[in-house]
Amino acid sequence: MTATTAPTAATVAPETLSTAQAINRALRDALAEDPTVLVLGEDVGALGGVFRVTDGLTAEFGEDRCFDTPLAEAGIAGFAVGLAMNGMRPVIEMQFDAFAYPAFEQIVSHIAKMRNRTRGRVELPLVIRVPYAGGIGGVEHHCDSSEAYYAHTPGLHVVAPSTPADAYALLREAIASPDPVVFLEPKKLYWAKGEMDRGPVPGIGTAVVRRQGTDATLIAYGPSVPVALEAAEVAARDGRSLQVVDLRSLVPYDDAGVCAAVESTGRAVVVAEASGFAGFAAEVAARVGERCFHSLAAPVRRVTGLDIPYPPPKLEHLQLPSVDRILDAVDDLQWEDA
Amino acid sequence: MTATTAPTAATVAPETLSTAQAINRALRDALAEDPTVLVLGEDVGALGGVFRVTDGLTAEFGEDRCFDTPLAEAGIAGFAVGLAMNGMRPVIEMQFDAFAYPAFEQIVSHIAKMRNRTRGRVELPLVIRVPYAGGIGGVEHHCDSSEAYYAHTPGLHVVAPSTPADAYALLREAIASPDPVVFLEPKKLYWAKGEMDRGPVPGIGTAVVRRQGTDATLIAYGPSVPVALEAAEVAARDGRSLQVVDLRSLVPYDDAGVCAAVESTGRAVVVAEASGFAGFAAEVAARVGERCFHSLAAPVRRVTGLDIPYPPPKLEHLQLPSVDRILDAVDDLQWEDA
Amino acid sequence: MLLDPDGRPTAAGALPPVEDLVRGYAGMVVARRFNEQASALVRQGRLAVYPSSSGQEACQVAAAHVLADGDWIFPTYRDTAAVVARGVDPVETLVLLKGDWHSGYDPYDRHVAPLTTPLATQLPHAAGVAHAARLRGEPTVVLALCGDGATSEGDFHEALNFAAVFRAPVVFLVQNNRYAISVPLSRQTAAPSLAHKGVGYGVPGEQVDGNDLAALLTVLSGAVARARAGEGPQLVEAHTYRMQAHTNADDATRYRSDEEVAAWVARDPLVRLEAYLRAEGALDDARAATIAADAEDVARRTRDGINEDVEPDPEDLFRHVYSRPTPQLVEQLAMVRDELARDALAAAPTRQEAGR
Amino acid sequence: MLLDPDGRPTAAGALPPVEDLVRGYAGMVVARRFNEQASALVRQGRLAVYPSSSGQEACQVAAAHVLADGDWIFPTYRDTAAVVARGVDPVETLVLLKGDWHSGYDPYDRHVAPLTTPLATQLPHAAGVAHAARLRGEPTVVLALCGDGATSEGDFHEALNFAAVFRAPVVFLVQNNRYAISVPLSRQTAAPSLAHKGVGYGVPGEQVDGNDLAALLTVLSGAVARARAGEGPQLVEAHTYRMQAHTNADDATRYRSDEEVAAWVARDPLVRLEAYLRAEGALDDARAATIAADAEDVARRTRDGINEDVEPDPEDLFRHVYSRPTPQLVEQLAMVRDELARDALAAAPTRQEAGR
Ligand SMILES: Cc1ncc(C[n+]2csc(CCOP(=O)(O)OP(=O)(O)O)c2C)c(N)n1
Ligand SMILES: Cc1ncc(C[n+]2csc(CCOP(=O)(O)OP(=O)(O)O)c2C)c(N)n1
Ligand SMILES: [Mg+2]
Ligand SMILES: [Mg+2]
């Protein structure tokens, strides 16, 4: 679980897909390969999901394999628990992040704990897909960054891809996992295209360095990765070399990879869209502070969402970590030459 | 909101109450003083609550003021939203921490956001009382430390008393507050007796120094405060002077008070019963790391619950921050003489 | 059904007073025009999203018209036309969907709760508001709206049950438009009707033709009166249809046939009532023109208001999280102020722009 | 009611085969003895807590006896006697309540889900298990238990609805013992009965005397057969009473009168069936003695097993959080190992002890 550089494109011209298409393909391939895989949720059938992520799956695999449920998230999660207890590998869709909250008890008290409760006798190989976070001009309840709730709950894996290739590979791994995985799909990246890796992609639990850099390390995940990369690009023009680490997986967390990265630069900024207070970025900052203390030339800074309910569309730009805000934080890292 | 020393007992012999009695008195006094205060939940009526916290309230104030509801936590929370929208000040009881999860959507999407949604036109003066955390030999779902879920949600105040006097004063303040307050009552302290302060008690948002010390600062709240105090007592015998800060209020968080305390010693250990990963202690550690960086002689350490589902009674001692574990962490704070 | 799809009275019962029907008709014309205007504003990029109630105007208007001033109504995202019919300013009604703020009107002004998006979550609120009024001895009735899909949520169950146990004066009106986005009613329930759901709570349930304003006025007025009289909550299922897609973002052809839509368009609630009123002589061209002009006026005000560029105040983000900002919010506000001041000062493009 | 409280057959219908009644009676004797033994073990400090089903033994035993081997049962914390009747080891059954671990038996062995504490949450699981079996064409039926209080939870609603929509073969058995801890049924529902709740889901609902084993066997077998035959989920409400407090920690005198309890003790399910079987000549003193001896044997095994001090393995805490421990758990395990090793080594008292 060491941070590695993302594999470079193979010699064959790689295929380009959007994140939504990559996830659709992962579901299709999993359904085709394993008859126990089921896809269920609200509007995942005929409609193909409100983001078209499940497009065509019912037509291809039939009503028994990909199907609409009654409109009840606790019911969906609880039903999936039963399916998983009895030989299936359900992949459930929560239509938007905030609409997973009705399922919170099922997720925290059962999905996360069933293996533990039964000393490993009952496994729940299930995936909770959550279209996640903001940046799409959505109205309230459609833009929550809810990862902290899940990451704080022992028993759940929490994954957040930032590229189509990762979305495909990590979702396949999540579906194959004997453990429940909360799979956070950054909504604003659904339409972002990217090359599908030909070679193996590092697995769940491994961070990757998306951009090399020597002056400071930006640690990001999911929707914040492209912003961090853009900030690094701008900083490079100002002569500052920023490394960008993509966590990819929040649980398990890649301590070794992140520490190695931060130790190589001695400065760190954590970038995350969720409200900062008691958010996942706090864990990253605390861990880096604990583990890399003597390598740090400056306090670990966080660039996160404000501690407010997600703003209405006209104001959401103020909530999202921007290139400017990241660069301001980098500027604050107590440079000797400043 | 500066950390102050808890007021010392007045000259009149102070009264001694258990935490449960202090909370009962706060409810009784609030019901008596304000006809809009209502107490509702499961078994809060004739039974007086499974911890007897609401004992006698129905008898004294009648069925309209303190009453049992159907067994449905989302319903209780949602019903309370309506009561609060229409002139009441409901105080709801969630029977145990984990049984508040069915109400998660109501808490996160409505209770926390109603003021914000309506630009302050609709206030929700309501209190969610949660018998909270472990140490009582309870079976699964009866010992969760769920503060991180609430503290991460903008719009909620989160309070966790550690003494009967605080329990009384903070609950009175919570009931009087125009904002929703999640009031975390450490179950294992329900029967702990303490003196009721005669003088004013610092308000919500203020941390207090419970014990003076010069070598390192222990930062704790709720059920961990007595453990931190005990650790400081033992350490004193070993010649190490530990300061103990009781946060009392997680949201708002007393940055000024905590920083002043940590800067006075240069070393900090955060103590909390919840699983550490992405827990509230991470926020404290991250903030102290960010704000007191140059005063810190050692990384901020956390002594928290393990990242596992709360253990069964026979093993819960391994989950709880113990005096030994706190002292081990203090030993790790890179003492020059070590 | 008091009026058949062609607007002819049926034998099912007496019709409401004709003034109420004319007033209801006028309300529906406004509602339809409002729906069309809002949909146009989405296409023009002035609203972020709009879930139209086109086809459901009889429910929307009846829900507002059966209530007394002190009563409350709890709308969903789709019930903007009901909110307008209740007397809320149309521009304020659309603030959520424009994206300036989460909610635009003062809920206490006309006793209209904020439009609620998480399904069925407003229903227990309605029960609580009703119970608070009852504790004070006030005659308030609360009308709570939801869709067929929302009846599957646990909150629907808990709300009806709380209301029933506490005999709270709530009328639950389910607009059964047969779909929850794409999911047909057969995936929501195996019960003979949604009104049957009342049985499990001891709540009287009734079905009504949701495209028949006359029937709706009669059934809902009855339910409101019973609730007000202390008979406890009431459940009404109105059979209706949304003639448009779920929202502008939806593609309804993926899950509904043209024939099905056409059959429902033939049951348009406006056409039906207009036919009746004209046949009765209660509506002539002159009156119809006045009504249309009023509707046009609402549309114009809506359009003008929405087309006005309001600069939402960033400081509002911090003002209403708590009654007083926390120290953390005070710091964050200072950061945002500083950023905005720097942005404003910068004659040169910001770094972010430069980076693009 | 097939047998009246005095054990006399009523005119309500034919009784099940007498062997089934004798087997059921034997099961109830075991269940009663098991309840008493477990309650005694709480008083002796060997169990952390025990929610007794004393008085509800007919429901407990019937629920287990009507199922085929491949069927599943989903119990609550109160249904330990049903779990034992299903063939799970009594000591393993009590592990949760002893506090050694959260669940003690292998759910796949006898197809018994773990005892579930969060109310009604197991009901959607039951629907999912049933649906999975149905997808594979297996004849499995799932019997899911809950109490009267639990019917108020949203999960009850969602589970019945999912089962109905998917025609999942689930029998929902509500043991209506009239209280949810202290809260009486009148605070849970205003419906004429809990069986009426089936109506809102299109699920057939039936009421049965929950202290009449004969009636329970008949009604539940019928429900299981209909579910197995593809008729979809079934709801059965059994009227019963817990003769003890909610748990040992409860004080039932705060909310129930002695008279009420006495009236229900007079309807003891064991007494009633014993009277009938003796009257029929199906039970004599010799057979009763054998049954009592068997029950005594179960009690002894329970006592012995629970009295055995199992040292729970601390490493189990880390072993089963995920299929493979995360790096974080590996570190935490190392810390705990180190602590335990130091504790073990320490001849001197630990610092913590010294501090006390
Ligand atoms: C708790 C929750 N889950 C999911 C959604 C997403 N969603 C918005 S509208 C809708 C369909 C609602 O159907 P129905 O209740 O029939 O109302 P209609 O839209 O037909 O008026 C869904 C699934 C939501 N808003 N809230
Ligand atoms: C979700 C949830 N809320 C609250 C509780 C606490 N609690 C445990 S048992 C109980 C009463 C249950 O009553 P009922 O469903 O009638 O079952 P009974 O105990 O009578 O068998 C309550 C409130 C719980 N276990 N789960
Ligand atoms: Mg609908
Ligand atoms: Mg009960």
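What you see is a predicted model; the values in this text were computed from it and never measured. (Residues numbered from 1 in each chain as written. Chains lettered and ligands numbered in written order. Predicted model: local features only at pLDDT ≥ 70, side-chain atom pairs only at ≥ 80, totals over all residues. Heavy atoms only, no water.)

**Considerations on the overall build of chain A**
In plain terms, the rule: Secondary structure counts use DSSP, requiring at least four H or I residues in a row for a helix and at least two E residues in a row for a strand, with both numbered from the N terminus. What the globule rule says is 2.2 Å times the number of residues to the power 0.38, and the radius of gyration is computed from C-alpha atoms. Summary of the burial criterion: residues with accessible area below 20% of their type's maximum are buried, those above 50% are exposed, and those between are partly exposed, where the area comes from a 1.4 Å probe applied to protein chains only. We call two residues in contact when some of their heavy atoms are within 4.5 Å.
Looking only at helices and strands, one finds 11 helices and 15 strands in chain A. Whereas a compact globule of 338 residues would reach a radius of gyration of roughly 20 Å, chain A reaches 20 Å, a difference of no more than 12%. By principal-axis analysis of the C-alpha atoms, chain A measures approximately 65 × 45 × 45 Å. When burial is assessed residue by residue, chain A has 73% of its 338 residues classed as buried. Look at the contacts in chain A between residues 6 or more apart in sequence, and 82% of them connect residues 24 or more apart.

**Thoughts on the relation of the copies chain A and chain B**
The relation between the two chain copies is a rotation about an axis coupled with a shift along that axis. Our working rule: Copies overlap after least-squares fitting; the atoms used are the C-alpha atoms of residues with pLDDT of at least 70 in both.
By a simple turn and slide, chain A fits onto chain B: the slide is 0.0 Å along the axis, the RMSD is 0.0 Å, and the turn is 180°. Taken together, the turn and the small shift mark the pair as related by a two-fold rotation axis. When C-alpha distances to the rotation axis are compared across chain A, the minimum falls at A:Ala286, with a value of 2.3 Å.

**With respect to the pairing of strand E5 (residues 89-93) of chain B**
Residue and element names in this part refer to chain B. Convention followed: Two strands pair if DSSP finds at least two bridges between them.
Burial within E5 is extensive, with 5 of its 5 residues counted as buried. Along E5, one buried face is formed by Arg89, Val91 and Glu93 and the opposite face, lined by Pro90 and Ile92, is buried too. Two elements, E5 and strand E6 (residues 127-132), share 3 bridges in a ladder whose sense is parallel. Residue pairing in the sheet places isoleucine 92 in a bridge with isoleucine 128 of E6.

**Comments concerning the interface of chain A and chain C**
Rules: Here the quantity called buried area is the accessible surface, traced with a 1.4 Å probe, that two parts lose on coming together, added over both. Between Lys or Arg on one side and Asp or Glu on the other, a salt bridge is scored when a side-chain nitrogen of the former is within 4 Å of a carboxyl oxygen of the latter. Two N or O atoms count as a polar contact when they lie within 3.5 Å, although within protein this holds only if one can serve as hydrogen donor and the other as acceptor, and sequence-adjacent residues are included solely when both atoms are side-chain atoms. Residues are grouped as follows: Ala, Val, Leu, Ile, Met, Phe, Trp, Tyr, Cys and Pro are nonpolar; Asp, Glu, Lys and Arg are charged; all remaining types, including Gly, are polar.
Opposite the 45 residues of chain A that make contact, chain C presents 46 residues. Here chain A and chain C share an interface that buries about 3800 Å² over both sides, 56% of which is from carbon and sulfur atoms. Ionic pairing is found between C:Arg187 and A:Glu63, a salt bridge with its closest N-O pair at 3.2 Å. Counting every contact that joins chain A to chain C gives 13 residue pairs in polar contact (both at pLDDT 80 or more). Taken together, the elements giving at least two residues each to the side of chain A that touches chain C come down to strand E4 (66-68), helix H8 (224-237) and helix H11 (323-331) of chain A. Sorting elements by how many residues they give to the side of chain A that touches chain C places H11(A) first, with 6 residues. Grouping the constituent residues of the side of chain A that touches chain C by class yields 23 nonpolar, 6 polar and 16 charged.

**Quick notes on the coordination of the magnesium ion (ligand 4)**
Residues and elements named next belong to chain D. Keep this limit in mind: Each metal's donors are the N, O and S atoms within 2.8 Å of it, or within 3.2 Å when it is Na, K or Ca, and because water is not part of the set, sites may look incomplete.
The coordination sphere of the magnesium ion (ligand 4), as far as protein atoms go, consists of Asp148 (OD), Asn177 (OD1) and Tyr179 (O), spread over 2.0 to 2.1 Å. Along the chain, the residues that donate to the magnesium ion (ligand 4) are spaced as D-x28-N-x1-Y. Placement of the pair is aspartate 148 in the loop between strand E2 (142-147) and helix H8 (154-165) and tyrosine 179 in strand E4 (residues 179-180), with a sequence separation of 31 residues. Neither residue differs from the other here; aspartate 148 and tyrosine 179 are each classed as buried.

**Quick word on the coordination of the magnesium ion (ligand 3)**
Residue and element names in this part refer to chain C. Every protein donor of the magnesium ion (ligand 3) is accounted for by Asp148 (OD), Asn177 (OD1) and Tyr179 (O), and the metal-donor separations fall at 2.0 to 2.1 Å. Mapping the donors of the magnesium ion (ligand 3) onto the primary sequence gives the spacing D-x28-N-x1-Y. On the accessibility criterion, tyrosine 179 (9% relative accessible area) is buried.

**Some details on the UniProt feature "domain: Transketolase-like pyrimidine-binding" (unreviewed entry) in chain A**
Stated precisely, the cut-off is as follows: UniProt positions are given in the numbering used here, feature names are shortened, and annotations may be inferred rather than shown by experiment.
What UniProt calls "domain: Transketolase-like pyrimidine-binding" (unreviewed entry) maps, in this numbering, to residues 17-192 of chain A. Summarising residues 17-192 of chain A: 36% helix, 17% strand, and an end-to-end C-alpha distance of 8 Å.

**Remarks on the pairing of strand E7 (residues 234-239) of chain C**
Residues and elements named next belong to chain C. As a reminder of what qualifies: Viewed with both strands pointing away, a crossover whose connecting path from the first strand over the helix to the second turns clockwise is right-handed.
Burial analysis of E7 places 5 of its 6 residues in the buried class, the great majority of the element. When strand E3 (residues 170-176) meets E7, the two strands line up parallel, connected through 6 bridges. Residue pairing in the sheet places asparagine 176 in a bridge with histidine 239 of E7. Taken together, the 5 bridges between strand E6 (residues 205-209) and E7 define a ladder with parallel strand orientation. Opposite glutamate 206, over in E7, you have valine 236 as the bridge partner. In this fold, E6 hands off to helix H9 (residues 213-231), which returns the chain to E7; that crossover is right-handed.

**Topic: the side chain of A:Arg302**
Tracing the backbone through its elements, the reader meets A:Arg302 in strand E15 (residues 301-305). Of note is the side chain of A:Arg302, whose polar atom sits 2.9 Å from the side chain of B:Glu283. Only 2.9 Å separates the side chain of A:Arg302 from the side chain of B:Glu290, close enough to count as a polar contact. Not counting residues within four places of it along the chain, the set of residues in contact with A:Arg302 comprises A:Val270, A:Gly276, A:Ala281, A:Ala282, A:Ala285, B:Glu283, B:Ala286, B:Arg287 and B:Glu290.

**Details of the pattern of salt bridges**
With the rule as written, the count across this model stands at 106 salt bridges over all chains. Of the charged contacts, one joins A:Glu140 and B:Arg117 as a salt bridge, the two residues approaching to 3.0 Å between their closest N and O atoms. Remark: B:Arg117 occurs in helix H5 (residues 114-117) and A:Glu140 occurs in the loop between strand E6 (127-132) and helix H6 (147-151); the pair is interchain, linking two chains. As a salt-bridge pair, D:Asp285 and D:Arg278 come within 2.6 Å of each other at their nearest N and O atoms. A relative accessible area of 58% means that D:Asp285 is categorised as exposed. According to the relative accessible area criterion, D:Arg278 is partly exposed, its value standing at 32%. Where salt bridges share partners, they join A:Asp255, A:Glu283, A:Arg287, A:Glu290, A:Arg291, B:Arg302 and D:Glu331 into one cluster.

**Here we look at the interface of chain A and chain B**
At the interface, 49 residues of chain A touch 49 residues of chain B. Summed over the three residues of chain A that lose the most area to chain B, namely A:Tyr149, A:His152 and A:Phe277, the buried surface amounts to 19% of that side. Here chain A is connected to chain B by 6 salt bridges. Along the contact surface separating chain A from chain B lie 18 residue pairs in polar contact (both at pLDDT 80 or more). Looking at which element gives the most residues to the side of chain A that touches chain B, the answer is helix H10 (residues 280-291) of chain A, with 8 residues. Among the residues making up the side of chain A that touches chain B, the classes are represented as 26 nonpolar, 12 polar and 11 charged.

**Description of the site of ligand 1**
Rules: By convention in this text, a residue qualifies as near a molecule or strand provided that one of its non-hydrogen atoms is within 4 Å of it. Per-residue and other accessible areas were derived by the Shrake-Rupley procedure at a 1.4 Å probe size, with only the shown protein chains allowed to occlude residues.
In the vicinity of ligand 1 lie 21 residues, with A:Glu73, C:Tyr77, C:Arg78, C:Asp148 and C:Gly149 positioned nearest. One finds residues of chains A, B and C in close proximity to ligand 1. At a separation of 3.4 Å, a nitrogen atom of ligand 1 approaches a polar side-chain atom of A:Gln95. Between a nitrogen atom of ligand 1 and a main-chain N or O atom of C:Thr117, the distance comes to 2.9 Å. Notes on ligand 1: free accessible area 580 Å², of which the protein chains cover 96%.

**Remarks on the site of ligand 2**
Close to ligand 2 lie 21 residues; B:Glu73, D:Tyr77, D:Arg78, D:Asp148 and D:Gly149 are nearest. Near ligand 2, residues from chains A, B and D are present, making the site a shared one. The contact in question runs from an oxygen atom of ligand 2 to an N or O atom on the side chain of D:Tyr77, over 2.8 Å. Within the backbone of D:Leu119, a nitrogen or oxygen atom sits 3.1 Å from a nitrogen atom of ligand 2. Within the complex, the protein chains bury 96% of what would otherwise be the 580 Å² of accessible surface of ligand 2. Along the lines of polarity and charge, the residues of the shell around ligand 2 split into 9 nonpolar, 6 polar and 6 charged.

**Describing unusual backbone geometry**
A cis amide bond links A:Val251 with the next residue in sequence, A:Pro252, at an omega value of -5°. You can see A:Pro252 is positioned in the loop between strand E13 (249-251) and helix H9 (255-265). A positive phi angle, close to 75°, is found at D:Ala120, a residue other than glycine. By the element assignment, D:Ala120 lies in the loop between helix H6 (107-110) and helix H7 (122-135).

**Focus on the UniProt feature "domain: Dehydrogenase E1 component" (unreviewed entry) in chain C**
UniProt records the feature "domain: Dehydrogenase E1 component" (unreviewed entry) at residues 28-295 of chain C, using the numbering of this structure. A distance of 9 Å separates the end C-alpha atoms of residues 28-295 of chain C, which is 44% helix and 12% strand.

**What about the environment of B:Ala32?**
With respect to the helices and strands, B:Ala32 occurs in helix H1 (residues 19-33). In this structure the C-alpha to C-alpha distance between B:Ala32 and B:Phe61, which are 29 residues apart in sequence, comes to 8.0 Å.

**Quick look at the sheet that holds strand E1 (residues 72-74) of chain D**
All names here are of chain D. Where we set the bar: For helices, the axis comes from a line fit to the C-alpha atoms of the stretch in contact; other axes are also lines fit to C-alpha atoms, and the angle between any two N-to-C directions lies between 0 and 180 degrees.
Ordered in space as E1-E2-E3-E7-E6, the 5 strands form an open sheet in which the pairing is parallel. Each end of this open sheet is capped by a strand with a single partner; those strands are E1 and strand E6 (205-209). Each adjacent strand pair in this sheet contributes to an overall mean axis angle of 20°, direction not counted.

**Considering the environment of C:Thr10**
Residue and element names in this part refer to chain C. Tracing the sequence through the fold places threonine 10 in the segment before helix H1 (18-43). Taking the C-alpha atoms as reference points, threonine 10 and valine 142, separated by 132 residues in sequence, lie 30 Å from one another. Setting aside residues up to four positions removed in sequence, threonine 10 forms contacts with Met1, Leu2, Leu3 and Asp4.

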